[in-house]
Amino acid sequence: MKGVLGACVGEVGAQLVAGAVTAVEVCEAALARQAAVAALRPFITTTHHTARLAAAAAHRRYECGKPLGALDGIPVAVKDNFCVQGILTTCGSRMLTPYVPPYSATVVERLLGAGAVLMGKTNLDEFAMGSGTLDSSFGPSKNIYRSGMKYSLGGTEKYPTSGLEDGDWVVAGGSSGGSALAVATGTAYLALGSDTGGSVRNPSSYCGVVGLKPSYGVVPRWGLVSLVNSMDVPGLVGRCVDDVAAMLAVVAGLDPKDSTSVSSDLKGLQLPPAPSLAGVVVGVPREYHQPGTSREVVEAWTRLADTMEEAGAEVMNCPPGFHAAHRALHRLLLHPQPLRGGVQLHPLHRRGVRAQGGGGAVHGGTVCPDAAGGLNEVVRGRVLAGNYFLLKENRKKYFEQALKVRRLIWQDFEAVWRSGVSLLLTPTTPTPALRYSEFSALDNRTQVAAQDICTQAANMAGVGAVSVPVGMGRQGVPLALQLMAPRGHDAHLLAAAKWIEQHVNFPRLLMSSNYLINTLFIYLFTGTTTCRSRSLL
Amino acid sequence: MNYRVLARSFHKFGHLSGSLQHTPAQRGEWEPVIGLEIHAQITSVSKLFSRVSTEYGAPPNTQVGLFESAHPGTLPFLNKRCVEAAIKTAIALGATVNKMSRFDRKHYFYPDLPAGYQITQAEFPLASNGKLDFMVHDPEVLKAPYRHAVDLIQLQLEEDSGKSIHDTDSNRVLVDLNRAGQPLMELVFGPQLHSGEEAAAMVKEVALILTKIGTCDCRMHEGSLRVDANISLHRPGEPLGTRAEVKNLNSLRSLMKAIAFEIERQQGILESGGEVVNETRSFDIESKETVSMRDKEVLQDYRFMPEPNLPPLRLYDSSEPSCDMQGSLDIHDIRSSVPELPEAVRQRLVRDYKLSLETAITFVNEDDLLAYFLAVMSDRRRDPRLASNLLLTNLLGVLNAKDIHITNSPLSASAFGEIVDLRQSGNISTSTSQNIMNAICGDGDSRTPTQIVHANNWIQVSDEDTLEKLVDKVLREHQDLVQKYKQKKKKKFFNALMGKVKKTPSIMANMKMVDGILSKKLNS
């Protein structure tokens, strides 16, 4: 039982099957952990009641010897922009505060259908617009690293683990910061996030966990409140690559409710116990070495490329054709980039208005919406920008140009794969997680532009990408690198990620088992938590 | 008569001139130019982008799903049946079905559109470049039908919006989303019409075709076929004038009245040196006037963008040798399911049965009547003109008086055929045919026409000798009338004698022959 929250899904599963631990015990441990780390604000809504019901049901199945599969009884967390029937879904926005969806997202249905135990809905930047999980209506999420909470790093004492001075703290990344944090703290083994420009990979890299952005269409989007439909994908977060693979096997697959979903043969996905790099061609695109990339990241990147080469992979620089479109992309990123997100927020906006204000006002037979008081500046700015870019006179100038850039990036990737490259190795983010004091000195747009620069292209091209923790920085925050693979090669991508995991010896974070004391501390000294529970019924 | 009145009379009565074509306006006269956009609701059990039912007349807001109400996180999934219906319609209208079409978002902010945008096809529609040939035939104002043709510019699939109900008493707006997401085909036609009658005839033809192929029930009063009319005036030879769009016309009557009103209104403006405003107007059924829709006064920028949640719609045509069979539907499959269309039927009736064009139009306008006629004509020895006359004049007369639809006629097509045969062989007269129909349809006589004729001794005698003897007998018995006729040569005495022959009991004389015999005898 001791340390069960630090284990991987496979290990817990084996214990559950053997009866060494029960699903109810796992759930209670996770609930206690959830309470212990509440001050870091991984969750907007916690779901104790339904979690206990689900755990009890899983427990009965294990007792009968008929578990539903690898995820039966496993605590999971879901980003609060996935609809879960009967449970508040806010998208991190006051605008949707009263919204309780009457239906569940396909991925949520698949997870719960596989016996997973939902711990709650995780924090995010309002409508997933951001890369810090700072711009949430419910307050920021704070990284566990250097938070002052007690943890150890896989036995090593090389890196600092103490809290930062002057009340400063480390940014969790975003926009799926709550999901990455839930996994990093051991509250959930796995979590769902959404990735439009790096929103799963970025916080995963900052929080030292594995974050997968599957190929576009592999994991269906029905029930995911969109940011940019054509780039959004549900993303997967876990502590081990194998866990993420087990989760992918459950959530992937064609969904008739999502016309952009594709069928895949990931149902029985199991990664080889010791993946090999034989025959793998690793491309290292120099364009990703941006000014401002930290030395630690570049060193980790170079070191890993060397290690992979020594292990039998062919490592090569990417063809120069990869340059042009990426430069264009970077320019684009420095301009207001979400061209479409805004427009789609209309329905949300109105839903919020109605629920809060009791309806629009009637003026001489026309209906006017109430003021958009409930949206933060970032979201309002993007709504306006989206509308502006689509105006007749601007369409050609901005919207169509952006589509062109996107097509070029797509072609760049195609050319790279054609040249024989089977994997691209890049940093996930140019720097490891920044301190809040550094990060908040930048505005949201610059944060996004700087932090999503390595991750955005994968969304534009629809390819699969995974962020894997590879080491620790001197400041005691994790370093991570990103792998990208051709569209549909998600299994290969994960196998390579597993190889990395096995060879980098990343010191995994373990929370102090003394969580009761922690909990007490939090209730006594912080006074508030964001925990709210809702019944499914 | 001043110029304006003259011009008005041209618009209203110009087609009375008896010409077979639309009379082009003379130099200097205003010519109306009309283009129609038709929204036809596809006959389908579920909505365009969800599995929610489309049943008509359900209580408000009961036919609404997650997608129609724009719940966050919902996505559209395209109803295949609706695509099939739209392809079928495109083929029936002679249009080219595009192998690749795409959906677009059209943004506007209105309470009956919860998503804030409508999914439609703007840039790459499902089909384009069709042509509609139709007959303009309005017996009330036109002497003879004439043929007209209009281009179908494009056919696109789109979702309908909900309905806003403005409750002015309590100053509230109520929204019914039952209609939201209903599958529509928008048919955009070229500005090639010149009068309300042409517009009505065109809509009628579209309705006939769509009903025939089963893609739309075309019930205008239920809103399943709605027409927007773009109307402008110009002088022939000059560029087209500024148009006004009259939205949501839901009957042929409204369509004609709205066009007539607009022509007059715009003419008034132009004559007095004003300018027509490019605007959207609605038709007030009470006042028979069009009024500007204030909230749509400002030209909207719909901020179109490709719908990212629906991949492009790809189709293939397996009849093409180079076909790669890549796509969701085979156009060829659908093409072979298109039945014979109204215009082809009309031509066949005129060609094969030598019917007049008017008669052919009448039959094609009513499927059941046509089926009845064709059943009668399954015996090709029958005279089609005689059959159609008896059917349209005599039988429909009885049935209409009794308010019976042709499909429920107590007189079956085969029994009707017997009457045609009896009449064609000269065995009965026209009035006897009518009597038989009256007996069967009016009085519920269940015997066959032949049985009725024999029982009543209604077979007319056409034997010359018998008839001569009969005439002689009447002449002998009515010497007074014979004398009067011979003295005064008045027709009424002749007719009186004819009447005496007709009234002779126990014999049904062929009166046509009697007429000849009698006049020979009296005038010799």
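In this text the structure is predicted, and so the values were computed from the model without any measurement.

A. The overall build of chain B, seen in detail. The number of helices and strands found in chain B is 16 helices and 19 strands. Buried positions account for 51% of the 524 residues belonging to chain B. A fraction of 68% describes how many contacts in chain B between residues 6 or more apart in sequence connect residues 24 or more apart. Just so you have it, chain B exposes about 24,800 Å², and 50% of that area is on carbon and sulfur atoms.

B. Representation of the sheet that holds strand 15 (residues 305–306) of chain B. All names here are of chain B. A sheet is described by the order of its strands in space; here three strands give the open sequence 5-4-15, paired in antiparallel fashion. The sheet is open, and its two borders are formed by strand 5 (117–120) and strand 15, each paired with just one other strand. In terms of strand pairing, strand 4 (residues 104–107) meets strand 5 through four bridges, oriented antiparallel. By the bridge assignment, Arg-105 is partnered in strand 5 with Ile-119.

C. Examining the environment of B:Ser336 more closely. Relative to the helices and strands, B:Ser336 is located in the loop between helix 5 (331–335) and helix 6 (342–353). When the C-alpha atoms of B:Ser336 and B:Ile91 are compared, they prove to be 9.9 Å apart, with 245 residues separating the residues in sequence.

D. Broad picture of the UniProt feature "active site" (unreviewed entry) in chain A. All names here are of chain A. The positions that UniProt labels "active site" (unreviewed entry) are, in the present scheme, Lys-79, Ser-175 and Ser-199. What stands out for the annotated residues spanning 121 residues is how close their C-alpha atoms remain, the widest pair being 11.0 Å apart. In this fold, Lys-79 is placed in strand 2 (residues 75–79). Owing to a relative accessible area of 0%, Lys-79 belongs among the buried residues under this scheme. Those residues in contact with Lys-79 that lie beyond four places of it in its chain are Lys-121, Thr-122, Leu-124, Ala-128, Ser-175, Ser-176, Ser-179, Leu-192, Gly-193, Ser-194 and Ser-199. For Ser-199, a relative accessible area of 4% gives the class buried.

E. How the structure looks around a negative patch on the surface. All names here are of chain A. A cluster of like negative charges, contributed by Asp-306, Glu-309, Glu-310 and Glu-314, occupies part of the molecular surface. Top contributing element to the negative patch by residue count: helix 8 (residues 295–310), with three residues. Within the secondary structure, Glu-310 sits in helix 8.

F. Geometry of the side chain of A:Thr187. Within the secondary structure, A:Thr187 sits in the loop between helix 5 (177–184) and strand 5 (190–195). Within the structure, A:Thr187 has its side chain in polar contact with the side chain of A:Thr185 (distance 2.9 Å).

G. Up close: a positive patch on the surface. Residues and elements named next belong to chain B. Among the surface-exposed residues, Lys-484, Lys-488, Lys-490 and Lys-492 lie close enough to one another that they form a single positively charged patch. As for its placement among the helices and strands, Lys-492 is situated in helix 15 (residues 491–503). The class for Lys-492 is exposed, based on a relative accessible area of 55%.

H. The state of the cysteines, seen in detail. Residue and element names in this part refer to chain A. Evaluation of the coordinates by the stated rule reveals one disulfide over all chains. Linked covalently through their sulfurs, Cys-8 and Cys-240 form a disulfide whose S-S length is 1.7 Å. Because the torsion about its S-S bond is -70°, the bridge between Cys-8 and Cys-240 counts as left-handed. Of the two residues, Cys-8 is situated in the segment before helix 1 (9–18) and Cys-240 in the loop between strand 7 (233–238) and helix 7 (241–251); the sequence distance between them amounts to 232 residues. Residue classification places Cys-8 among the buried residues on the basis of a relative accessible area of 12%.

I. How the structure looks around the sheet that holds strand 17 (residues 329–330) of chain B. Residues and elements named next belong to chain B. Taking strand neighbours across the sheet as the criterion, the three strands line up as 3-16-17 in an open arrangement whose pairing is mixed. Looking at the sheet topology across the chains shown, the edges are occupied by strand 3 (100–101) and strand 17. Here two bridges tie strand 16 (residues 313–316) to strand 17, and the two strands are oriented parallel to one another. Bridge pairing in strand 17 places Leu-315 opposite Leu-329.

J. Layout of the packing of helix 7 of chain A against helix 17 (residues 490–504) of chain A. Residues and elements named next belong to chain A. Their axes nearest at 9 Å, the elements helix 7 and helix 17 cross at an angle of 160°. One element, helix 7, and the other, helix 17, form an angle in the roughly antiparallel class. Classified by chirality, the crossing of helix 17 by helix 7 is left-handed. On the side of helix 7, the interface is formed by Val-241, Asp-242, Val-244, Ala-245 and Leu-248, while helix 17 contributes Asp-490, Leu-494, Ala-497, Lys-498 and Glu-501. Across the contact of helix 7 with helix 17, the residue classes tally to six nonpolar, no polar and four charged.

K. Region of the structure containing the side chain of B:Ser254. Residue and element names in this part refer to chain B. Along the chain, Ser-254 turns up in helix 4 (residues 252–271). Judged by relative accessible area, which is 3%, Ser-254 ranks as buried. Side chain to side chain, Ser-254 and Ser-251 meet in a polar contact 2.9 Å long. If sequence neighbours within four positions are ignored, Ser-254 has contacts with Leu-249, Phe-283 and Ile-285.

L. Here's a closer look at helix 8 (residues 367–376) of chain B. Residues and elements named next belong to chain B. Along helix 8, the residues that are buried comprise Leu-369, Leu-370, Tyr-372, Phe-373 and Val-376. Along the axis of helix 8, the buried residues cluster in a sector spanning 160°; they form a single face. Packing partners of the buried residues in helix 8 comprise helix 6, helix 7 (357–365), helix 9 (384–402) and helix 10 (413–424).

M. Geometry of the pairing of strand 1 (residues 31–41) of chain B. Residue and element names in this part refer to chain B. Counting buried residues along strand 1, eleven of its eleven residues qualify, which places the element largely inside the surrounding structure. Side chains Glu-31, Val-33, Gly-35, Glu-37, His-39 and Gln-41 of strand 1 all project onto a buried face; the interleaved residues Pro-32, Ile-34, Leu-36, Ile-38 and Ala-40 project onto the opposite face, where all are buried too. Examined bridge by bridge, strand 1 and strand 11 (residues 225–234) share ten bridges and lie antiparallel to one another. If you follow Pro-32 over to strand 11, its bridge partner there is Leu-233. The pairing of strand 1 with strand 10 (residues 183–189) spans five bridges and is classified as antiparallel. For Gln-41, the partnering residue across the bridge sits in strand 10 and is Leu-184.

So, how was this worked out
- Residues numbered from 1 in each chain as written.
- Chains lettered and ligands numbered in written order.
- Predicted model: local features only at pLDDT ≥ 70, side-chain atom pairs only at ≥ 80, totals over all residues.
- Heavy atoms only, no water.
- Helix = DSSP H or I, 4+ residues; strand = E, 2+ residues; numbered from the N terminus.
- Buried < 20%, exposed > 50% of the residue type's maximum accessible area, 1.4 Å probe, protein only.
- Contact = heavy atoms within 4.5 Å.
- Areas by Shrake-Rupley, 256 points an atom, 1.4 Å probe, with all protein chains shown as cover.
- Pairing = 2+ DSSP bridges.
- UniProt positions renumbered as here; feature names shortened; annotations may be inferred.
- Patch = residues over 30% accessible without salt bridge, like charges linked within 9 Å, V, L, I, M, F, W, Y side chains within 5 Å.
- Salt bridge = Lys/Arg side-chain N within 4 Å of Asp/Glu carboxyl O.
- Lys, Arg positive; Asp, Glu negative; His and termini not counted.
- Charge placed at Lys NZ, Arg CZ, Asp CG, Glu CD.
- Polar contact = N/O pair within 3.5 Å; in protein donor to acceptor, adjacent residues only side chain to side chain.
- Disulfide = S-S within 2.5 Å.
- Axes fitted to C-alpha atoms, helices over the stretch in contact; angles between N-to-C directions.
- Parallel < 35°, antiparallel > 145°, perpendicular 65-115°, else oblique.
- Left-handed = near helix turned anticlockwise from the far one by under 90°.
- Nonpolar A, V, L, I, M, F, W, Y, C, P; charged D, E, K, R; others polar.
- Arc of directions from axis to C-beta.

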